[in-house]
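# Architecture at a glance
Letter by letter, the chains look like this.
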Amino acid sequence: MGIYGHRPTHIGMRADILVVGGGPAGCFLAGSLAKRGFDVVVVEEHPEIGKPVSCTGLVGVRGMREVGLKIENFALNELEGGIIVSPSSEILELSRGRVEALVIDRAALDRSLGERAEEWGARIFRNTKCVGVKIEDEPTAYVKGKSSGEIKSELLVGADGPTSLVAKKTGLVNKREFVKCAQTEVSMEARENMVEVYLGQRIAPGFFAWVVPTGETVRIGLGTRRGSPIPKLYSFLKSPPIANRLKGKPGRVSVGLIPLTPPRSIHSNRVLLVGDAACQVKPLTGGGIYFGLSCAKIASWTIAEVLGGKGKLKDYARRVERKFGLEFKIGRRVRRIFEELPDEGIDELVRIFGNPTVREAVLKHADFDHHLRSLRGLVRRTPLIIGSISVRKFVRTILGSLLNV
Ligand SMILES: Cc1cc2nc3c(=O)[nH]c(=O)nc-3n(C[C@H](O)[C@H](O)[C@H](O)COP(=O)(O)OP(=O)(O)OC[C@H]3O[C@@H](n4cnc5c(N)ncnc54)[C@H](O)[C@@H]3O)c2cc1C
């Protein structure tokens, strides 16, 4: 008997493209390649696409439109801005009074992407885990579970998340670093259309904690660079700004990883990586749904060219670099500075951003998905910003931290 309680079906097959991982990036890519007429197989280790969920489900409206998804179909709530709380409880409210992001039913999104891929002809093997990969003349993946055996393909795609086996087995990653996250859902008094973000090395070392209203409940979570996130989440739930507003017992705690270190390359001979496996996430917040889907779209048309004999896999890396390269590079640098910033520095930053001129500049240039655009807008207005706060304060907080890293 197989590990799933029934005799596994033996498979020995070939496909044009084998996608390891049936998350949003893998299913989206599989669907768009199947729609182009390719024979696509997806293997997903879990019995159901979309479950278990370890995600807050916050997505920008513009980004989802750009990738061509009717994201409203999965929306639970609309968000207009954020309330940022500094370690010493300084509060900064940022909102333009219009809907910027949606909280979605993440399981439903993934499920729908999986169903769409199957409607277009992709074959999804659920309960089937990829346990090994060999790239010689052609990529071969070894799978176990409900279906066991080997699958050969023209091209192998690693869409298998932050701890990607495909990336590891093909030598595309060396060392990996993560933000470790824990999240729960609970009934709580909260502003209906505002996200709350809590900063501080004590609450969430090197990252942040969040409260995201879904309409009926809130999703409370945190990420940390140091130690386990679960005890930190429980301490956060017991802290006064949260405990006093809870209206029920928190539900199940889910845990997950946000990748921080990009692979050496996102492709090699007949292999490419997409989504979290390729570290295609927003460096500052870890949000990866939009970036993963957008890169899957680029992967889809590149693969179609390559299998049609008209392009090279390195075009995928080049196109991703052109679209998101600078965003990743600058974002990762800024995140490293923030990770090390002591609580006094974070307090000072929140105070600076609370200055009316700076706040106005932030609101003018804020972009939910493209943080580089926001940073560029701020940099362009640096003289104005420095003019409106004390130069000493600016140098001490921003440049001081820069020099310390
Ligand atoms: C707590 C938390 C909150 C988050 N909140 C947000 C948010 O609000 N907004 C946002 O945009 N992003 C958020 N993210 C990030 C987001 O969840 C990811 O960026 C996104 O899921 C990446 O999609 P993916 O398809 O690349 O990978 P995944 O969603 O990780 O999917 C990979 C799939 O591969 C399967 N798999 C893995 N290994 C194998 C194997 N060997 N064989 C077969 N199958 C395998 C897994 O079961 C999984 O289904 C959050 C992440 C965490 C941890």
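Look up: the structure comes first, before these words.
Note that the coordinates shown come from a computational prediction; the quantities given were computed from them, not determined experimentally. (Residues numbered from 1 in each chain as written. Predicted model: local features only at pLDDT ≥ 70, side-chain atom pairs only at ≥ 80, totals over all residues.)

## Brief notes about the overall build of the protein
- In terms of helices and strands, the protein carries 13 helices and 18 strands.
- Counting the 405 residues in the protein, one finds 44% classified as buried.
- Sequence-distant contacts in the protein: of pairs separated by 6 or more residues, those separated by 24 or more amount to 68%. (Helix = DSSP H or I, 4+ residues; strand = E, 2+ residues; numbered from the N terminus. Buried ≥ 20, exposed ≤ 12 C-beta atoms within 10 Å, placed from the backbone. Contact = placed C-beta atoms within 7 Å.)

## Some thoughts on the site of the ligand
- Taken together, 39 residues form the shell around the ligand, and within it Gly-21, Gly-23, Gly-256, Gly-275 and Gly-288 come nearest.
- Taken together, domain 1 (9–52 + 107–173 + 262–334) and domain 2 (178–259) each give at least three residues to the shell around the ligand, which thus spans both. (Near = placed C-beta within 6 Å. Domains from an automatic or database assignment.)

## Some words on the sheet that holds strand β6 (residues 91–95)
- Across the sheet, seven strands lie side by side as β6-β5-β13-β14-β15-β12-β16; this open sheet has mixed pairing. Bordering the open sheet on either side are β6 and β16 (254–259), each of which pairs with just one other strand. Averaged over all pairs of adjacent strands, the angle between strand axes in this sheet comes to 20 degrees, irrespective of strand direction.
- Pairing geometry for strand β14 (residues 208–213) and strand β15 (residues 218–224), over five bridges, is antiparallel. Within β15, the residue paired with Val-212 across the bridge is Arg-219. (Pairing = 2+ DSSP bridges. Axes fitted to C-alpha atoms, helices over the stretch in contact; angles between N-to-C directions.)

## Some remarks on the packing of helix α9 (residues 343–354) against helix α10 (residues 356–365)
- Contact geometry of α9 with α10 gives a least axis separation of 5 Å together with a crossing angle of 85 degrees. When the axes of α9 and α10 are compared, the pair comes out roughly perpendicular. Touching Ile-352, Phe-353 and Gly-354 of α9 are Val-358, Arg-359 and Val-362, all from α10.
- Residue composition of the contact of α9 with α10, grouped by class: four nonpolar, one polar and one charged. (Parallel < 35°, antiparallel > 145°, perpendicular 65-115°, else oblique. Nonpolar A, V, L, I, M, F, W, Y, C, P; charged D, E, K, R; others polar.)

## Quick look at unusual backbone geometry
- Cis geometry is found at the peptide bond from Lys-51 to Pro-52, where omega equals 0 degrees.
- Residue placement: Pro-52 occurs in the loop between β2 (40–43) and β3 (58–60).
- Backbone geometry places Ser-89, a non-glycine residue, at a positive phi of 70 degrees.
- Its place among the elements puts Ser-89 in the loop between β5 (81–85) and β6.
- Judged by the 12 C-beta atoms lying within 10 Å of it, Ser-89 is exposed.

## Looking at the packing of helix α7 (residues 289–307) against helix α8 (residues 314–340)
- Between α7 and α8, the shortest axis-to-axis distance is 9 Å and the interhelical angle comes to 145 degrees. Judged by the twist between their axes, the crossing of α7 over α8 is right-handed. Residue-level inspection shows Phe-291, Cys-295, Ile-298, Ala-299, Thr-302 and Glu-305 of α7 in contact with α8, the latter providing Asp-315, Tyr-316, Arg-319, Val-320, Lys-323 and Phe-324.
- Tallied by class, the residues present in the contact of α7 with α8 amount to seven nonpolar, one polar and four charged. (Left-handed = near helix turned anticlockwise from the far one by under 90°.)

## Some points on the nonpolar core
- Leu-29, Val-40, Val-42, Val-157 and Val-274 are the most contacted members of the largest nonpolar core, which totals 101 residues.
- No other element matches the ten residues that α7 contributes to this core.
- Ignoring any residue separated from it by four or fewer positions in sequence, one finds Val-42 in contact with Val-19, Gly-22, Gly-26, Cys-27, Ala-30, Ala-117, Ala-122, Ile-124 and Phe-125. (Core = buried A, V, L, I, M, F, W, Y, C linked by C-beta atoms within 7 Å.)

## Some details on the pairing of β15
- Most of β15 sits inside the fold, with seven of its seven residues counted as buried.
- Residues Val-218, Ile-220, Leu-222 and Thr-224 of β15 are buried on one face, and the alternating residues Arg-219, Gly-221 and Gly-223, pointing to the opposite face, are buried as well.
- The pairing of strand β12 (residues 178–186) with β15 spans seven bridges and is classified as antiparallel. If you follow Val-186 over to β15, its bridge partner there is Val-218.
- Between β14 and the antiparallel strand that follows it, β15, lie four residues; Gly-215 among them carries a positive phi value of about 115 degrees.

## Overview of α9
- For α9, spanning twelve residues, the distance from its first C-alpha to its last is 16 Å, which sits close to the expected 16 Å at 1.5 Å a residue.
- Turning to α9, its buried residues are Gly-345, Ile-346, Glu-348 and Leu-349. Down the axis of α9, the buried set is contained in an arc of 160 degrees. They therefore lie on one face. (Expected span 1.5 Å × (residues − 1). Arc of directions from axis to C-beta.)

## Considering helix α1 (residues 24–35)
- A rise of 1.5 Å per residue sets the reference length of α1, with its twelve residues, at 16 Å; its end C-alpha atoms lie 16 Å apart and thus fit the reference within 8%.
- Burial analysis of α1 places eleven of its twelve residues in the buried class, the great majority of the element.
- What α1 keeps buried is the set Pro-24, Ala-25, Gly-26, Cys-27, Phe-28, Leu-29, Ala-30, Gly-31, Ser-32, Leu-33 and Ala-34.
- Looking at the buried residues of α1, the elements they touch are β1 (9–20), β2, α3 (106–119), β11 (147–158) and α7.
- Gly-37 sits one or two positions beyond α1 and adopts a positive phi of about 100 degrees.

## Here's the deal with the sheet that holds strand β4 (residues 75–79)
- The strand order across the open sheet built from three strands is β3-β7-β4, with neighbouring strands paired in antiparallel fashion. Strands at the two margins of the open sheet, each flanked by one partner only, are β3 and β4. Strand-to-strand twist across the sheet, computed as the mean angle between neighbouring axes with direction ignored, equals 30 degrees.
- Looking at chain direction, β3 and strand β7 (residues 101–104) are connected through three bridges and run antiparallel. Looking at the pairing, Gly-60 lines up with Ala-101 of β7.

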